[in-house]
Amino acid sequence: MLNKVPEVTIWFWVIKILCTTVGESFADWINMKLGVGLVNTAWIFTAVFVVVLAVQLRLKRYVPFPYWLTVVVVSVTGTLYTDILTDQLNVPLWISTAVFSVLLAVVFGVWWLRERTLSIHSVTTLPRESFYWLAVLVTFALGTATGDWTLELTGWSPGASVMLPLGLIAAITLLWKFGANPVLSFWLAYILTRPLGANIGDWLASPKVAQPGEPTGLALGTFTTSLIFLGLILATVAYLTVTRSDVTETYEAAHATHDTGDLRKERVGLAGFGLLAVATVGLLVWAHSQPHTGPAPEADNTSAVQMAPGQAVKKFPPVKVAALKNLASTSLKDAQSGNAKGAHTAAQSLRDLWDADQASLQPLDNTGWTSIDAQMDKVLGTFGIDHSNPPMPPAQQEKELNALLTDMG
């Protein structure tokens, strides 16, 4: 086979960041706006990933469209795996970061022992390409965990958070220009594009005004953000398909051969990476020690105002209310029939949809929204969702779900 990975030009990094951004926004849109739920979205994208990867692996050379489609899908899939660990299984982000770091080291170790190279300029066999895509999947999961952990530690907004990975990528680029190991430089920058793209997506999609601890941004929404970046990706891929400027063989024919490298400069570059890591840790420790608002904790709204049945949602769009009631009814029916897993899944989707609609519903009637939110929190508590307690007996779940349905009329 010819090399299956594009040449690392400026276009490579532009599309990579675009793919990461659209992956984050598109996953949020399907998960929350459509009410599919986190686990179901992960299953959907895992299946899609298997299909597009099978197509990619059957090709004998790099073709822009299937390659970058695979990157988009794997970016979503890796992100969802980390989100499931964090939001569904309540695994702390520092543990996810450590686990994925070790896993990536294992992938690279086995890859090196078998192939004696980690360079993407030599992805010319099926085993090497398989190792490559496995490493890419883990880098997205690791980038997600590391980026989210950074936000948790610092309380930075998505807009401000863009600056850290952007600055680190710039520093890595300078060290690479100096003579640092190009393979190590590439994979470090590759990991950092995940939090960079995700922060850009969150900044564009988040509302301009939000509750303390919630992200704020330009209020474009996840759907609009996804469309914009999908359009940019398609335009860029179309350009590369026509020009073939990122095909390794074409690029090498038009450029001088790369130098073999200077071991002394590589050692200096490695020391530079070490200093960069120490400086980053120091910055995060300092930011964590400063007064800041972290992710908003679940509020105890048990004393919130109570309203007559149907009154709290009177000013909300009927379509949105109907969607919420449908999920609550599904959870109630499953709980009554003894389908604990189905009831929990429907309750999780109910939570996701309610959170996604907060920006549009709360301004319509803050009192009504607060009333429903208080009862919603009681429902989630019975399932152990966003609460530290284990799931409560079905009778308690049914009681709170019935109360929620009554409040919604």
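Structure's up top.
On a predicted model such as this, the values are computed, not experimentally measured, just so you know.

## So, the packing of helix α2 (residues 38-58) against helix α3 (residues 64-88)
Moving on, step 1. It is at 9 Å that the axes of α2 and α3 come closest, and there the two elements cross at 150°. With respect to their mutual orientation, α2 and α3 come out roughly antiparallel. Crossing angle aside, the handedness with which α2 passes α3 is left-handed.
Moving on, step 2. Partitioning the contact of α2 with α3 into residue classes produces 17 nonpolar, 6 polar and 2 charged.

## Some points on the pattern of salt bridges
Moving on, step 1. By the definition in use, this model includes 7 salt bridges.
Moving on, step 2. Arg 351 is paired through a salt bridge with Asp 352; the nearest N and O atoms lie 3.0 Å apart. Comparing Arg 351 with Asp 352 shows no difference in burial state: the two are buried.
Moving on, step 3. What you see here is one network of salt bridges that share partners, running through Arg 351, Asp 352, Asp 355 and Asp 386.

## Observations regarding the nonpolar core
Moving on, step 1. In this structure, Tyr 67, Trp 68, Tyr 132 and Trp 187 are the most contacted members of the largest nonpolar core, which totals 66 residues.
Moving on, step 2. If you tally residues by element for this core, the top one is helix α5 (residues 126-154), at 11 residues.
Moving on, step 3. Other than its neighbours up to four places away in sequence, Trp 68 contacts Pro 6, Phe 12, Ile 15, Lys 16, Cys 19, Tyr 62, Val 237 and Asp 246.
Moving on, step 4. In this structure, Ala 328, Ala 347, Trp 369 and Ile 372 belong to the second largest nonpolar core, which totals 26 residues.

Reading guide: rules and limits
- Residues numbered from 1 in each chain as written.
- Predicted model: local features only at pLDDT ≥ 70, side-chain atom pairs only at ≥ 80, totals over all residues.
- Heavy atoms only, no water.
- Axes fitted to C-alpha atoms, helices over the stretch in contact; angles between N-to-C directions.
- Helix = DSSP H or I, 4+ residues; strand = E, 2+ residues; numbered from the N terminus.
- Parallel < 35°, antiparallel > 145°, perpendicular 65-115°, else oblique.
- Left-handed = near helix turned anticlockwise from the far one by under 90°.
- Nonpolar A, V, L, I, M, F, W, Y, C, P; charged D, E, K, R; others polar.
- Salt bridge = Lys/Arg side-chain N within 4 Å of Asp/Glu carboxyl O.
- Buried < 20%, exposed > 50% of the residue type's maximum accessible area, 1.4 Å probe, protein only.
- Core = buried A, V, L, I, M, F, W, Y, C linked by side-chain atoms within 4.5 Å.
- Contact = heavy atoms within 4.5 Å.

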